[in-house]
Amino acid sequence: MAAGVAAWLPFARAAAIGWMPVANCPMPLAPADKNKRQDELIILNVSGRRFQTWRTTLERYPDTLLGSTEKEFFFNEDTKEYFFDRDPEVFRCVLNFYRTGKLHYPRYECISAYDDELAFYGILPEIIGDCCYEEYKDRKRENAERLMDDNDSENNQESLPSLSFRQTMWRAFENPHTSTLALVFYYVTGFFIAVSVITNVVETVPCGTVPGNKELPCGERYAVAFFCLDTACVMIFTVEYLLRLFAAPSRYRFIRSVMSIIDVVAIMPYYIGLVMTNNEDVSGAFVTLRVFRVFRIFKFSRHSQGLRILGYTLKSCASELGFLLFSLTMAIIIFATVMFYAEKGSSASKFTSIPASFWYTIVTMTTLGYGDMVPKTIAGKIFGSICSLSGVLVIALPVPVIVSNFSRIYHQNQRADKRRAQKKARLARIRVAKTGSSNAYLHSKRNGLLNEALELTGSPEDEHLTKTTSLIESQHHHLLHCLEKTTGLSYLVDDPLLSVRTSTIKNHEFIDEQMFEQNCMESSMQNYPSTRSPSLSSHPGLTTSCCSRRSKKTTHLPNSNLPATRLRSMQELSTIHIQGSEQPSLTTSRSSLNLKADDGLRPNCKGSQITTAIISIPTPPALTPEGESRPPPSSPGSTTNIPPIGSNIVKVSAL
Amino acid sequence: MLTLEWESEGLQTVGIVVIICASLKLLHLLGLIDFSEDSVEDEMEMATVRHRPEALELLEAQSKFTKKELQILYRGFKNECPSGVVNEETFKEIYSQFFPQGDSTTYAHFLFNAFDTDHNGSVSFEDFVMGLSILLRGTVQEKLNWAFNLYDINKDGYITKEEMLDIMKAIYDMMGKCTYPVLKEDAPRQHVETFFQKMDKNKDGVVTIDEFIESCQKDENIMRSMQLFENVI
């Protein structure tokens, strides 16, 4: 029952009194209307815009969000209104649906946004009114096609890891941009198609005479040359066809496809000609077959997008073309008959029969007007003029339909190509933004470590280093931190700044100025706030150990189990290393949060209690992530690297 | 000779064609023939009829509804019929929404006539309110009066058997075909016989208003069912 009519239910019930006197049986009791609330206005606050309506209006559709008790979830006690954090524009349409019973789709609205809103309010899109349903369906279909297009092109561009030779070949044929070889093949075939077509054309041009006063076409004068050219072209085409046949994923479908038929038709005449040259009887047919050689020009459609679109358009406009043909035929027959009878009287009239008048009618209707047949009587002239006028109309009618179809398909194709080109740039930009945000975790980690270091050392001057992170960020980082703790691994943090800073904070007397200038980054023992290393955590401050290659440096590690001397600490480190890892490649630093880090670290923890991890702090924001340089991995025993300038490695051992 | 003959024949053809077209145009101008069949324009003209009901206070005085009830009634009424009046087509459409299985057009027609007290072919809000006022807030006498008015199709003060049969058939039509037990052909007629036996006191084949009211007041069932829809609004 339509909801608007629900308002008339009281009337229908009242009118039922008319049945009472004639009723045979007693009436059932009326349902008691408990909870009979006076109809009240309720306020719906949608992103600040207030809508008001009667409660009963909303209750017309009890299976939607607004009509059921689900809206109580959105009730705001303080303001006594229902607050929805959604788009007010679309809500207007939704509320109008409740009021009038008809759901409309505004044209300016994005289709997926609209769908989302409808899904939120629990309204099926199928009840969109007839006035807007067409538009809605069209837009939805367009959108779906576009998404499918994108998906397809994505799939195409994925480099599938293991393609068989056959599949690679097929891909090369279908999409010449995949490899240089394919491109070469593409251009070579294109060139040969052109050569073949040109030879066909030039063959018939008369060039020079032979003694005997006969104009010879070039084809007969240089028969051998042309034959060789033809053979070469056909060889190429045959090879190409066989290769495509071999590479096609579905040979049967390939054979039935239009392009393959064109290929076959293009090369068949040559072979048939080879077989039949000797037989004079069928030479006429042989000549006809040569006509088919011109079909080679259709092979260009593989090379030209526009040509394919034209073909597709004609196919999709088949009904319009059919209508055009049909109406033309009707008109031709009518006018031919009329002209014939009108011109029957005139002497020496060319309109000898109705079929003969067909030619006149066609020529006149298409406004060609050769003038080989003209009416001579007055009536003939009158009808002839009517014929030409109507011809213009009949032809002009279906043509715009075909043109608009072509234009639509062509533009769609252009858009698809443009989208594909833009997509790469878009994805690259998105990637940069994402890695920027993923580095934020590592930044904050560094800052967190710094914070603790600073707290421990109590130096106030470096507080400005700390970045204020939002609550969400800090919660996210805490989550990642918990994961680290759970698994006993940790993410790699890569930062030149940190070690430099830490080196300046404390024990800078141990830092070689040389090294400092060279911006050495190598290991500094980082005070990792790990409860598992009490010895280190009691360490009051950050200790730095400079690049172990600099023998002049000494490492100071107070309160640590590690020996004070750098050498010994290095040994210790190396022992830690050896104990902990069997893979030297572990020392490769990674600074991304992705799973590769975990995967790489996992081989490290061969169940040993000691896990060594390399944490490289990300480069400061001035450098792009891609610009980061990684120090090369070092040998297992030594923890030393001469790192390239600009990146520091901080080694942390989590004990 | 032959050519001249043919040429004149050709000209004659042209002449005939011209005359035919001209005569058709003349007839169209005279309005005897209609080429285009658009009654849509006619419909659109009708839709521009607007009717504004009388003031709320007046209606409140005339009917037995309160202001609030009138407001609710009017909102529903205006929602369905923005032009302010209900014509028979719309009425039938609305009423048939409540009885999807059967064909309620005949009964809706009778109902429409019962509501359309001034018989101008459309039910305005005043008619609507007055009718509902009687049905929902009126005395039993008034309700029975209204029912009698409904059954008396030609409004001559007597209910004949034919009129009753029409009404009965219309009511049974609303039930539709899929009923249990299956509707028998003569069920309406039987029903009418029962009715007349009960109502027609002097057995003269017609029921007058007094007979009707008297018989109904004696029947307990009918009296009780009259109160059934008291609190519809």
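Residues numbered from 1 in each chain as written. Chains lettered and ligands numbered in written order. Predicted model: local features only at pLDDT ≥ 70, side-chain atom pairs only at ≥ 80, totals over all residues. Heavy atoms only, no water.

Trainee: Help me out: how do you make sense of the overall build of chain A in this one?
Mentor: For chain A, the count of helices and strands is 24 helices and 8 strands. Counting over 655 residues, chain A shows a buried share of 40%. Considering only contacts in chain A between residues 6 or more positions apart, those separated by 24 or more positions represent 65%. On chain A, roughly 36400 Å² of surface is accessible, and the fraction owed to carbon and sulfur atoms is 62%. (Helix = DSSP H or I, 4+ residues; strand = E, 2+ residues; numbered from the N terminus. Buried < 20%, exposed > 50% of the residue type's maximum accessible area, 1.4 Å probe, protein only. Contact = heavy atoms within 4.5 Å. Areas by Shrake-Rupley, 256 points an atom, 1.4 Å probe, with all protein chains shown as cover.)

Trainee: What is the right way to read the interface of chain A and chain B from this model?
Mentor: Accessible area lost upon the coming together of the parts is a frequently used measure of interface size. The interface is formed by 41 residues belonging to chain A together with 51 residues belonging to chain B. Taking both partners together, chain A and chain B bury about 4000 Å²; carbon and sulfur atoms supply 73% of that area. Contact with chain B buries surface across chain A, with A:Trp8, A:Phe11 and A:Ile17 losing the most and accounting together for 19% of the total. At the junction of chain A with chain B, the criterion picks out 0 salt bridges. (Buried area = accessible area lost by both parts, 1.4 Å probe. Salt bridge = Lys/Arg side-chain N within 4 Å of Asp/Glu carboxyl O.)

Trainee: Looking at this model, I keep getting lost on a nonpolar patch on the surface. Mind explaining?
Mentor: Residues A:Val291, A:Phe292, A:Val294, A:Phe295, A:Ile297 and A:Phe298 make up a contiguous nonpolar surface patch of about 510 Å² in total accessible area. By the secondary structure assignment, A:Phe295 is in the loop between α13 (283–291) and α14 (305–316). (Patch = residues over 30% accessible without salt bridge, like charges linked within 9 Å, V, L, I, M, F, W, Y side chains within 5 Å.)

Trainee: I'm lost on the nonpolar core in this one. Help?
Mentor: Proteins that are soluble and globular tend to have nonpolar side chains buried together. Counting residues in hydrophobic clusters, the biggest one holds 62 residues, and the most contacted among them are B:Leu111, B:Met164 and B:Phe212. Discounting chain neighbours no more than four positions away, the residues touching B:Phe212 are A:Pro21, B:Leu144, B:Ala147, B:Phe148, B:Tyr151, B:Phe195, B:Met199 and B:Val207. Among the nonpolar cores identified, the runner-up in size contains 26 residues, and A:Tyr61, A:Leu66, A:Val90 and A:Tyr114 belong to it. (Core = buried A, V, L, I, M, F, W, Y, C linked by side-chain atoms within 4.5 Å.)

Trainee: Help me out: how do you make sense of the confidence of the model for chain B in this one?
Mentor: Detailed conclusions should not be drawn from predicted coordinates in areas where pLDDT is low. Residues and elements named next belong to chain B. For chain B, per-residue confidence averages 82 on the pLDDT scale, and 90% of positions sit at 70 or higher. Of all secondary-structure elements in chain B, the lowest mean pLDDT belongs to helix α2 (residues 40–47), at 54, while helix α6 (residues 105–115) reaches the highest, 89. Per the prediction output, this complex has pTM 0.51; the corresponding ipTM is 0.75. (pLDDT = per-residue confidence, 0-100.)

Trainee: Would you explain unusual backbone geometry in this entry?
Mentor: Generally, phi is negative for residues other than glycine and the peptide bonds are trans, each holding for most cases. Of note in the backbone geometry, A:Thr367 takes a positive phi value of approximately 60 degrees without being a glycine. Positioned with a positive phi, B:His119 is a non-glycine residue whose angle comes to about 50 degrees. Structurally, B:His119 can be placed in the loop between α6 and β2 (122–124). For B:His119, a relative accessible area of 52% gives the class exposed.

Trainee: What is the right way to read the packing of helix α8 (residues 140–151) of chain B against helix α11 (residues 209–218) of chain B from this model?
Mentor: The description of two packed helices rests on the angle between their axes and on the distance between the axes. Residue and element names in this part refer to chain B. At a minimum axis separation of 10 Å, α8 and α11 run at an interaxial angle of 125 degrees. Considering their axes alone, α8 and α11 lie oblique with respect to each other. The crossing of α8 and α11 is right-handed. Between α8, through Gln141, Leu144, Asn145, Ala147, Phe148 and Tyr151, and α11, the contact on the second element is made entirely by Ile209, Phe212, Ile213, Cys216 and Gln217. Considering only residue class, the contact of α8 with α11 consists of 8 nonpolar, 3 polar and no charged. (Axes fitted to C-alpha atoms, helices over the stretch in contact; angles between N-to-C directions. Parallel < 35°, antiparallel > 145°, perpendicular 65-115°, else oblique. Left-handed = near helix turned anticlockwise from the far one by under 90°. Nonpolar A, V, L, I, M, F, W, Y, C, P; charged D, E, K, R; others polar.)

Trainee: Explain the UniProt feature "domain: EF-hand" (unreviewed entry) in chain B to me, please; I cannot follow it from the model alone.
Mentor: All names here are of chain B. Under the UniProt annotation, "domain: EF-hand" (unreviewed entry) lies at residues 103–138, 139–174 and 187–222. The distance separating the terminal C-alpha atoms of residues 103–138 is 29 Å; by composition the span is 67% helix and 8% strand. With 72% helix and 8% strand, residues 187–222 has its two end C-alpha atoms placed 21 Å apart. (UniProt positions renumbered as here; feature names shortened; annotations may be inferred.)

Trainee: Looking at this model, I keep getting lost on helix α16 (residues 354–365) of chain A. Mind explaining?
Mentor: Think of an α-helix as turning once every 3.6 residues; residues three or four places apart then point the same way. All names here are of chain A. A rise of 1.5 Å per residue sets the reference length of α16, with its 12 residues, at 16 Å; its end C-alpha atoms lie 16 Å apart and thus fit the reference within 8%. Burial in α16 covers these residues: Ser357, Tyr360, Thr361, Val363, Thr364 and Met365. Here the buried face of α16 lies against α15 (318–343) and α17 (378–396). Just downstream of α16, Thr367 is the residue with a positive phi angle, here 60 degrees. (Expected span 1.5 Å × (residues − 1).)

Trainee: In this structure, what is going on with the environment of A:Cys317? I would like to understand it.
Mentor: Residue and element names in this part refer to chain A. With respect to the helices and strands, Cys317 occurs in the loop between α14 and α15. For Cys317, a relative accessible area of 0% translates into the label buried. Along the primary structure Cys317 and Val403 are separated by 86 residues, whereas in three dimensions their C-alpha atoms are 9.5 Å apart. For Cys317, the residues in contact, after removing those within four places along its chain, are Ile402 and Asn405.

Trainee: For this particular structure, what's the right way to read the side chain of A:Lys299?
Mentor: Residues and elements named next belong to chain A. With respect to the helices and strands, the residue Lys299 is situated in the loop between α13 and α14. Judged by its relative accessible area of 2%, Lys299 is buried. Of the polar contacts made by the side chain of Lys299, one reaches the side chain of Asp263; its length is 2.7 Å. Setting aside residues no more than four positions away along its own chain, Lys299 makes contact with Ile193, Phe237, Glu240, Met259, Ile262, Asp263 and Ala266. (Polar contact = N/O pair within 3.5 Å; in protein donor to acceptor, adjacent residues only side chain to side chain.)

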